[in-house]
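Notes for the structure review
Here are the chains, one letter per residue:
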Amino acid sequence: MSAAKVLILGDSFVARLANFVLKHWNPETRVNGNFDLNLEQATVSFLGVGGRTVDKLFQRDLHIVQGQKPDVVVIQIGSNDLALADLRPETVGAKVLALVERLLEFGVKSVVVNQIIHRNKIPVKVPEYNKKVDLLNQYLGVVLEPVSGAKFWKHRGLWNSKVPLLARDGVHLNEVGYFRYYKSVRGAILKAIKQ
């Protein structure tokens, strides 16, 4: 069996995860660009761009994904969409579902959609941002369940933490948060390649 080609795709959380991995590459902490998986299991690459919305991902990144032909795609997308006052969580969820279906049409064997994380710094025009996050996460959990090859991934260790996990900007994760996020994404990859 050949190694699964894994692509982690999405917004600034993915771009910052890639930077975190480069900065903290260390065999003792088991942080590395291949998520501590041996090369017979998987090879991992990143495609993350700050400010990405689902629509921008469709317009600007799908051709890259199609060219890479990954077996597994782990997606972190939707938080920038929810920061737009005129977009409802159900609308964003429907767009994410359409993205998942398109990736499966491309021949991706497994698509994992990561849970969106709350913010401390709420967009001024969207005071209900964290409620929208909760609604989108619930929506995605329901609509992805019957889709063969798709999974909604709930992050472990990022909710109800006793230590701060968000950076000073109130949007992105700090070092401790990214270490937990790294471990959660690793779990998502393992789950996907075992299916």
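Up top is the structure these notes are about.
Residues numbered from 1 in each chain as written. Predicted model: local features only at pLDDT ≥ 70, side-chain atom pairs only at ≥ 80, totals over all residues. Heavy atoms only, no water.

1. Here we look at helix 7 (residues 175-194)
The cut-off we apply is this: Here a strand is any run of E in DSSP of at least two residues, a helix any run of H or I of at least four, and the numbering for each starts at the N terminus. A helix is expected to span 1.5 Å multiplied by its residue count minus one. Exposed residues in this analysis have more than 50% of their type's maximum accessible area, buried residues have under 20%, and partly exposed residues fall in between, with area computed by a 1.4 Å probe over protein chains only. Contacts are residue-level and defined by heavy atoms, with any inter-residue pair within 4.5 Å sufficient.
The end-to-end C-alpha distance of helix 7 is 29 Å, a good match for the 28 Å that 20 residues give at a rise of 1.5 Å each. Listed in full, the buried residues belonging to helix 7 are Gly 177, Tyr 178, Tyr 181, Tyr 182, Ser 184, Val 185, Ala 188, Ile 189, Leu 190, Ala 192 and Ile 193. Where the residues of helix 7 are buried, they touch strand 1 (4-10), helix 1 (12-23), strand 2 (42-48), strand 3 (72-76), strand 4 (110-114) and strand 5 (150-153).

2. Let's talk about the packing of aromatic side chains
Basically, it comes down to this: For Phe, Tyr and Trp, rings pair up if their centres lie within 6.5 Å, where Trp contributes its six-membered ring, and each pair is then called stacked (planes under 30 degrees apart), edge-to-face (over 60) or tilted (otherwise). Definition used: whenever NZ (Lys) or CZ (Arg) falls within 6 Å of the ring centre and also within 35 degrees of the ring normal, the charge is taken to sit over that ring.
Counting across every chain of the model gives five aromatic pairs. When the centroid spacing of 6.4 Å and the interplanar angle of 40° are considered together, the rings of Phe 13 and Tyr 178 count as tilted. A residue pair is termed long-range when its members are at least 10 positions apart, and Phe 13 in helix 1 and Tyr 178 in helix 7 qualify at 165 residues. Each member of the pair, Phe 13 as well as Tyr 178, carries the same accessibility label: buried. Judged by centre distance (6.5 Å) and plane angle (50°), the ring pair of Phe 20 and Tyr 182 falls under tilted. Of the two residues, Phe 20 is situated in helix 1 and Tyr 182 in helix 7; the sequence distance between them amounts to 162 residues. Aromatic ring contacts, followed pair by pair, group Phe 13, Phe 20, Tyr 178, Tyr 181 and Tyr 182 into a single cluster. Note that Arg 156 overlies the ring of Trp 153, its terminal NZ or CZ placed 4.1 Å from the centroid.

3. Quick notes on the side chain of Ser 79
Put simply, the rule is: Nitrogen and oxygen atoms within 3.5 Å of one another constitute a polar contact, given that in protein one can donate a hydrogen and the other can accept it, and given that sequence-neighbouring residues count only through two side-chain atoms.
Relative to the elements of secondary structure, Ser 79 occurs in helix 4 (residues 79-82). Look at Ser 79 and you get buried, because its relative accessible area is 6%. A distance of 3.2 Å separates a polar atom in the side chain of Ser 79 from a polar atom in the side chain of Asp 11. Not counting residues within four places of it along the chain, the set of residues in contact with Ser 79 comprises Asp 11, Ile 116, Arg 119 and Tyr 129.

4. What about the pattern of salt bridges?
Threshold: When a carboxyl oxygen of Asp or Glu is within 4 Å of a side-chain nitrogen of Lys or Arg, the pair counts as a salt bridge.
The final tally for this structure, using the stated rule, is six salt bridges. Lys 23 is paired through a salt bridge with Glu 175; the nearest N and O atoms lie 3.6 Å apart. Placement of Lys 23 in helix 1 and of Glu 175 in helix 7 is noted, with a sequence separation of 152 residues between them. With a relative accessible area of 40%, Glu 175 lands in the partly exposed category. Across the pair Glu 105 and Arg 102 runs a salt bridge, and its minimum N-O distance is 3.9 Å. Taken together, the positions of Glu 105 and Arg 102, both in helix 5 (residues 89-105) and three residues apart, correspond to about one turn of that helix. Relative accessible area serves as the criterion here: at 63%, Glu 105 is assigned to the exposed category.

Just distances and angles here, no functional claims.
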